[in-house]
Amino acid sequence: MGQPPVVYGQSDRPPRGDYARANADYTCAQDYAAYTAADHDTYRRLYERQSALLPGLASDAFIKALPSLGASDRIPRFEEVNERLYKATRWELVGVPGLIPEVPFFTLLANRKFPVTDWIRTPQEFDYIVEPDIFHDLFGHVPLLFNPVFADYVQRYGQGGLKAHDLGACELLSRLYWYTIEFGLIRQDDGLRAYGAGILSSSGELAHSVRSPEPQRIPLQLERTMRTRYKIDTYQRTYFVIDSFQQLFDMTAADFAPIYERLKGQPEFAADEREAVPA
């Protein structure tokens, strides 16, 4: 038992989470008894604040699915969510101690298992936390796993991730995850809405991503997205927009190997690099 902690990017402190509890695939049981009354209260307050911000900003599919998470006044038990989730889309949640390596992550997704960090932020981190915690993972990611088309896209992403790892292209594919599953926007009949978990679990970026005149918003194109770097410590400067989850699913049906090969010699786009406006 036990696995080494995982760090992505640079950090001034070691990663949080008890990796001594992790199995070989980095999963661990949700230690529900370890949550304190303060932990449950933090989750309740986060849920209350964030759900109040959703109308007019979050995608209809997300708002429709959010009640499927269950209790909002305490941290949900994974097994209770799984009873509903498995019936809906054959997905299930598994606990993890924090960030996990690429191959175990992709393998879980490819097998319709979504890793959820089992610890919650401290009250001092209420407004901002560096690493994803249980609120980000549950509130941000899990509702759309009840949507059959989006759920299939996430599984297809995991399958593609295993191939990308073998081809040395994880960085390119990680940008697609970042700009869709984490920070994606969708165009509905009544305007732009957010569907990415990083936006939906952020009190500040939700309105920024949809309404602010500052960032650029461009249609999702695989190669442009894969060439675009991203920021992990500020609001995004660029958002990619889809028209439907079906479009997203269909777009990722192709073999990415030729795309990775083409992009080897292509320059990258900075996170805030503007699209050239045709003359």
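Residues numbered from 1 in each chain as written. Predicted model: local features only at pLDDT ≥ 70, side-chain atom pairs only at ≥ 80, totals over all residues. Heavy atoms only, no water.

Novice: Quick question: what am I supposed to make of unusual backbone geometry here?
Specialist: Most peptide bonds are trans, and most residues other than glycine sit at a negative phi. Its identity as a non-glycine residue notwithstanding, Arg90 has a phi of 65°, on the positive side. Tracing the backbone shows Arg90 in the loop between α3 (78–89) and β1 (92–96). (Helix = DSSP H or I, 4+ residues; strand = E, 2+ residues; numbered from the N terminus.)

Novice: Would you explain the layout of surface pockets in this entry?
Specialist: Summary: where empty space remains is shown by rolling a probe the size of a single water molecule over the atoms. Taken as a whole, the second largest pocket spans an internal volume of roughly 270 Å³. Lining the second largest pocket are 17 residues, with Arg156, Gly160, Lys163, Thr252 and Ala254 sitting closest to its centre. Those elements giving two or more residues to the lining of the second largest pocket turn out to be α6 (148–166), α7 (170–182) and α12 (257–263). Counting residues per element, the lining of the second largest pocket draws most heavily on α6, which supplies 7 residues. Looking at the lining of the second largest pocket, its residues break down into 10 nonpolar, 4 polar and 3 charged. (1 Å grid on protein atoms, 1.4 Å probe; cavity = no way out; pocket = protein on both sides within 12 Å on 5 of 7 lines; lining within 4 Å. Points joined across faces, edges and corners; volume = space filled by probe spheres on them. Nonpolar A, V, L, I, M, F, W, Y, C, P; charged D, E, K, R; others polar.)

Novice: Even after reading the chapter, I still don't get the sheet that holds strand β3 (residues 185–188), so can you show me in this structure?
Specialist: Sheets are built from strands paired through backbone hydrogen bonds, the pairs being either parallel or antiparallel. In space, the 4 strands of this open sheet follow the order β4-β3-β6-β5, with mixed pairing throughout. Every other strand in the sheet has two partners, leaving β4 (191–194) and β5 (216–219) as the edge strands with one partner each. Between one strand axis and the next, the sheet turns through 40° on average, direction left out of account. Two elements, β3 and β4, share 4 bridges in a ladder whose sense is antiparallel. Bridging from a neighbouring strand, Gln188 pairs with Gly191 of β4. (Pairing = 2+ DSSP bridges. Axes fitted to C-alpha atoms, helices over the stretch in contact; angles between N-to-C directions.)

Novice: Explain the pattern of salt bridges to me, please; I cannot follow it from the model alone.
Specialist: Side chains carrying opposite charge are able to pair once their charged atoms draw close together. Enumeration according to the criterion identifies 17 salt bridges in this entry. A salt bridge links Glu48 to Arg44, with the nearest nitrogen and oxygen atoms 3.8 Å apart. Of the two residues, Glu48 and Arg44 both sit in helix α1 (residues 37–53), 4 residues apart, roughly one turn of that helix. Residue class for Glu48 comes out exposed when judged on its relative accessible area of 51%. Members of the salt-bridge network, linked through shared partners, are Asp41, Arg44, Arg45 and Glu48. (Salt bridge = Lys/Arg side-chain N within 4 Å of Asp/Glu carboxyl O. Buried < 20%, exposed > 50% of the residue type's maximum accessible area, 1.4 Å probe, protein only.)

Novice: Would you mind going over the side chain of Gln216 with me for this structure?
Specialist: With respect to the helices and strands, Gln216 occurs in strand β5. Under the relative-accessibility criterion, Gln216 is labelled buried at 6%. Within the structure, Gln216 has its side chain in polar contact with the side chain of Thr238 (distance 3.0 Å). The residues touching Gln216, leaving out its near neighbours within four places in the chain, are Arg224, Arg237, Thr238, Tyr239, Glu273, Arg274 and Glu275. (Polar contact = N/O pair within 3.5 Å; in protein donor to acceptor, adjacent residues only side chain to side chain. Contact = heavy atoms within 4.5 Å.)

Novice: What exactly am I supposed to notice about the environment of Phe240 here?
Specialist: Within the element layout of this structure, Phe240 appears in strand β6 (residues 238–242). We classify Phe240 as buried; its relative accessible area is 1%. For the pair Phe240 and Glu182, spaced 58 residues apart in sequence, the C-alpha to C-alpha distance is 11 Å. If near-sequence neighbours (up to four positions away) are discounted, Phe240 is found in contact with Tyr179, Gly184, Leu185, Ile218, Pro219, Leu220, Arg224, Thr225 and Thr228.

Novice: Quick question: what am I supposed to make of the packing of α6 against α7 here?
Specialist: Helix-helix packing is characterised by the crossing angle of the two axes and by the distance between the axes. Two elements in contact, α6 and α7, have axes whose closest approach is 9 Å; the angle formed by their N-to-C orientations is 165°. Taken together, α6 and α7 sit at an angle that is classed as roughly antiparallel. Judged by the twist between their axes, the crossing of α6 over α7 is left-handed. On α7, the residues touching Phe150, Tyr153, Val154, Tyr157, Gly160, Gly161, Ala164 and His165 of α6 are Cys170, Leu173, Ser174, Leu176, Tyr177, Thr180 and Ile181. Residues of the contact of α6 with α7, tallied by class, amount to 10 nonpolar, 5 polar and no charged. (Parallel < 35°, antiparallel > 145°, perpendicular 65-115°, else oblique. Left-handed = near helix turned anticlockwise from the far one by under 90°.)

Novice: How should I be thinking about the packing of aromatic side chains in this particular structure?
Specialist: Per the stated rule, a full pass over the model turns up 20 aromatic pairs. Here the aromatic rings of Tyr19 and Tyr26 are separated by 6.4 Å at their centres, their planes lie at 75°, and the arrangement is edge-to-face. Across the pair, Tyr26 and Tyr19 agree in class, each one buried. Aromatic side chains Tyr32 and Tyr35 sit 5.4 Å apart centroid to centroid with 90° between the ring planes, which places their arrangement in the edge-to-face category. The exposure classification of Tyr32 matches that of Tyr35, with both residues buried. Grouping aromatic residues by their ring pairs yields a cluster made of Tyr43, Tyr47, Phe62, Phe135 and Phe139. A cation sits over an aromatic face here: Arg77 above Tyr32, 3.9 Å from the ring centre. Positioned above the aromatic ring of Phe249, the side-chain terminus of Arg156 is 3.7 Å from the ring centre. (Phe/Tyr/Trp six-rings, centres within 6.5 Å; stacked < 30°, edge-to-face > 60°. Lys NZ or Arg CZ within 6 Å of the ring centre and 35° of its normal.)

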